[in-house]
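Letter by letter, the chains look like this.
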Amino acid sequence: CGRGPGGCRGGRTDMALRCAASLAAGRQPRGPRREGTVRWSSAAKASAVKINEKASREKILTLESMNPQVKAVEYAVRGPIVLKAGEIEKELRKGIKKPFTEVIKANIGDAHAMGQRPITFLRQVVALCTYPNLLDSPSFPEDAKKRARRILQGCGGNSLGSYTASQGINCIREDVASYIERRDGGVPADPDNIYLTTGASDGISAILKILISGGGKSRTGVMIPIPQYPLYSAAISELDAIQVNYYLDEENCWALNVNELRRALNEAKAYCNPKVLCIINPGNPTGQVQNRKCIEDVIHFAWEEKLFLLADEVYQDNVYSEGCQFHSFKKILYEMGPEYYNNVELASFHSTSKGYMGECGYRGGYMEVINLHPEIKGQLLKLLSVRLCPPVSGQAAMDIVVNPPVPGEESYAQFIKEKESVLNNLAKKAKLTEDMFNKIPGVHCNPLQGAMYAFPRIFIPSKAIEEAKAHKMAPDMFYCMKLLEETGICVVPGSGFGQREGTYHFRMTILPPVEKLKILLEKVKDFHIKFLEKYA
């Protein structure tokens, strides 16, 4: 409408709303200046009352009304201690004095954040896919350009910005299948059984979602190792499934014992329907690498008890100890013969985030699912289609993990040099960490056979346990919080991963550069000795 000298109905309404808002905020309204007292219209007063009523109205979403399964979710790797670390970092930036100058976040396996350099070839291919004009640049090697062109041909409009099939780009799934066949010595892999995922976590959550059903004593039970990676307990809580704990043997380098699996299964049958068995190999947080005999025993147990196997194998490149070797569950299953290979349902997972790549931010991953019922295959695809597709840049990154340069290609020498440098460095840091922890009184650390973490057992005096209870904290949370406040080192208490009653641990990544890792371990040593003296 036109705004004449006297305004219009819309103009008067706007003024009334402004006046009402001013009154609601406790301010005198600004209106047309007149001699004497400003007069309030009855409409403005009524609007102000309504705004006050709205301001005091209860929220629809509260802790009481929210989804109780989401409220039950806990994820220790980014839990309270990490939030506290963030607060301390802000204080340091403001110039508030601490006994340290930086927070060292050793709580999560984020390799690049800890200073690990990216693999050049992987970044070259992703850069070429992201900005195809670079394909004309002489600065990029031909083997990188060849891979980028192939990936782009699989994308709608030859663009990484397009949606892909929900299962992932077909040529990348073909490359994943070829990689699995090479890794497993010729065991066949079908691209149709490959699903590209948003990191391994997405695949694990999707499979659990489709597996869980029933109510009461028929509710699905999911067997997980203790200690475990908290993704599993978080997903189980969110899906309102039943967590069934089986304990790894700390006295035997965190070995998996089938008798313990059987104990956990038989006890769980009284209150749920256990039908899923999760294995993490190499282990997180415990770093053990399972031998062939152990894997055979687990597969036989799953076959015998009709359990769906989930094999989390994201650390398959991270094996350090002499005499240890990664064996995929798929390969061992195939070699055990057709009775097993044609019947045991298995989902196995890999990722760009770990290994020598450390490309956590791309969120690239895949899962291979074998012996799935044809009708369930359709249901899984339907479920995955709800999230449309995994990040396409992550799919491209995953392709380079499974289709790296080979001998004879121009990028091979640099690629293999960078890969071996990362893995040799991690092996050195694994041994350094184990040795230094085992020199500290009241600390014991099993050999770090693989993965990226140490999970030392710590002695906590009874006096400290009592003080932790007074602060309503788990004893190892109290310990880790004190460690953070006094040294700036952020680690995750073992209670966030699960542990046997009466034992205490923490998880610490071995990813910092060697010199910084040495300083970190010395600080932990000094802190632990003072802690024992204080609470002895």
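Notes on the structure in this doc start here. (Residues numbered from 1 in each chain as written. Predicted model: local features only at pLDDT ≥ 70, side-chain atom pairs only at ≥ 80, totals over all residues. Heavy atoms only, no water.)

Side note on the overall build of the chain
The secondary structure content of the chain amounts to 19 helices and 14 strands. Taking contacts inside the chain between residues at least 6 apart in sequence as the whole, the part at least 24 apart equals 70%. Approximately 25900 Å² of the chain is accessible, and the part contributed by carbon and sulfur atoms is 51%. (Helix = DSSP H or I, 4+ residues; strand = E, 2+ residues; numbered from the N terminus. Contact = heavy atoms within 4.5 Å. Areas by Shrake-Rupley, 256 points an atom, 1.4 Å probe, with all protein chains shown as cover.)

Some thoughts on helix H15 (residues 392-402)
Taking burial as the measure, the eleven residues of H15 include ten buried ones, the bulk of the element. The complete set of buried residues in H15 reads Val392, Gly394, Gln395, Ala396, Ala397, Met398, Asp399, Ile400, Val401 and Val402. Elements that come into contact with the buried residues of H15 comprise helix H5 (120-130), helix H6 (142-153), helix H7 (170-183), strand S2 (194-198), strand S7 (346-351) and strand S8 (364-370). (Buried < 20%, exposed > 50% of the residue type's maximum accessible area, 1.4 Å probe, protein only.)

Here's the deal with the sheet that holds strand S5 (residues 273-280)
The seven strands lie next to each other as S2-S8-S7-S6-S5-S3-S4, forming an open sheet whose pairing is mixed. Of all the strands in the sheet, the pair left with one neighbour each is S2 and strand S4 (242-247). Each neighbouring strand pair of the sheet contributes to a mean axis angle of 25 degrees, computed without reference to strand direction. In this structure, S7 lies alongside S8, joined through six bridges in antiparallel fashion. (Pairing = 2+ DSSP bridges. Axes fitted to C-alpha atoms, helices over the stretch in contact; angles between N-to-C directions.)

Description of the pattern of salt bridges
Counted by the stated rule, this structure contains 26 salt bridges. Where Glu305 meets Arg262, a salt bridge forms, and the shortest distance between an N and an O atom there is 3.3 Å. With Glu305 in helix H11 (residues 292-305) and Arg262 in helix H10 (residues 258-268), the pair connects residues that are 43 residues apart, well separated along the chain. Judged by relative accessible area, which is 22%, Glu305 ranks as partly exposed. Across the pair Arg292 and Glu296 runs a salt bridge, and its minimum N-O distance is 3.2 Å. Remark: Glu296 and Arg292 occur in helix H11; sequence separation between them is four residues, near one turn of the helix. On the basis of relative accessible area, Arg292 is assigned to the partly exposed category, the value being 29%. The network of salt bridges with shared partners includes Arg262, Lys269, Glu304 and Glu305. (Salt bridge = Lys/Arg side-chain N within 4 Å of Asp/Glu carboxyl O.)

Some remarks on unusual backbone geometry
Residues apart from glycine generally show negative phi values, whereas peptide bonds are mostly found in trans. At the junction of Ile226 and Pro227, the peptide bond is cis and its omega measures out at 5 degrees in the coordinates. Residue position: Pro227 is located in the loop between strand S3 (220-226) and helix H9 (231-238). Note that the residue after Asn281, namely Pro282, is joined by a cis bond; omega there is -10 degrees. Considering the arrangement of structural elements, one finds Pro282 in the loop between S5 and H11. Of note, Asn158 is a non-glycine position whose phi angle comes to about 55 degrees, a positive value. Tracing the chain through its elements places Asn158 in the loop between H6 and H7.

What to know about the sheet that holds strand S14 (residues 506-509)
Read across the sheet, three strands follow the order S10-S14-S13 without closing on themselves; strand pairing throughout is antiparallel. Strands at the two margins of the open sheet, each flanked by one partner only, are strand S10 (453-454) and strand S13 (492-493). Pairing between S10 and S14: two bridges, direction antiparallel. Paired with Tyr453 across the bridge in S14 is Thr509.

Focus: the nonpolar core
Soluble globular proteins: nonpolar side chains tend toward being buried together. Judged by nonpolar contacts, the single largest core of 124 residues is most densely connected at Ile207, Leu310 and Phe437. When residues are assigned to domains, this core turns out to be shared by domain 1 (68-115 + 414-535) and domain 2 (120-402), each giving three or more. Leu310 has contacts with Ile207, Leu208, Leu211, Val276, Leu277, Cys278, Ile279, Ala347 and Phe349, leaving out every residue within four places of it along the chain. By size, the runner-up hydrophobic cluster in this structure holds 35 residues, among which are Leu265, Ala268, Phe301 and Ala302. (Core = buried A, V, L, I, M, F, W, Y, C linked by side-chain atoms within 4.5 Å. Domains from an automatic or database assignment.)

Comments concerning the packing of aromatic side chains
Across all of its chains, the model carries 14 aromatic pairs by this definition. On the basis of an interplanar angle of 70 degrees and a centroid distance of 5.8 Å, the ring pair of Phe437 and Phe506 is categorised as edge-to-face. Of this pair, Phe437 sits in helix H16 (residues 412-437) while Phe506 sits in strand S14, placing them 69 residues apart in sequence. Each member of the pair, Phe437 as well as Phe506, carries the same accessibility label: buried. One residue, Arg507, lies across the ring of Tyr453, its end atom 3.9 Å from the ring centre. (Phe/Tyr/Trp six-rings, centres within 6.5 Å; stacked < 30°, edge-to-face > 60°. Lys NZ or Arg CZ within 6 Å of the ring centre and 35° of its normal.)

A look at the side chain of Asn284
Position of Asn284 relative to the elements: it lies in the loop between S5 and H11. The exposure class of Asn284 is buried, given its relative accessible area of 5%. At 2.9 Å, the side chain of Asn284 forms a polar contact with the side chain of Arg507. Excluding residues that lie within four positions of it along the chain, Asn284 makes contacts with Gln228, Tyr229, Tyr315, Tyr453 and Arg507. (Polar contact = N/O pair within 3.5 Å; in protein donor to acceptor, adjacent residues only side chain to side chain.)

Some thoughts on the side chain of Asp399
Relative to the helices and strands, Asp399 is located in helix H15. Among buried Asp, Glu, Lys and Arg side chains, Asp399 stands out as unpaired, with Arg150 the closest opposite charge at 4.5 Å. Here Asp399 is in contact with Ile151, Cys171, Ile172 and Asp175, once residues within four sequence places are set aside. (Lys, Arg positive; Asp, Glu negative; His and termini not counted.)

Digging into the packing of H16 against helix H19 (residues 514-535)
Closest axis-to-axis distance for the H16/H19 pair is 11 Å, and the angle between their directions is 15 degrees. It follows from the interaxial angle that H16 and H19 lie roughly parallel. The element H16 and its partner H19 pack so that their crossing is right-handed. The segment H16 lies against H19, with Asn425, Lys428, Lys429, Leu432, Thr433, Met436 and Phe437 engaging Val514, Leu517, Lys518, Leu521, Glu522 and Val524. Residue classes in the contact of H16 with H19 are distributed as seven nonpolar, two polar and four charged. (Parallel < 35°, antiparallel > 145°, perpendicular 65-115°, else oblique. Left-handed = near helix turned anticlockwise from the far one by under 90°. Nonpolar A, V, L, I, M, F, W, Y, C, P; charged D, E, K, R; others polar.)

Overview of the environment of Ala255
Mapped onto the secondary structure, Ala255 falls in the loop between S4 and H10. Other than its neighbours up to four places away in sequence, Ala255 contacts Leu248 and Asp249.

Note that all results are geometric; they support no functional claim without further evidence.
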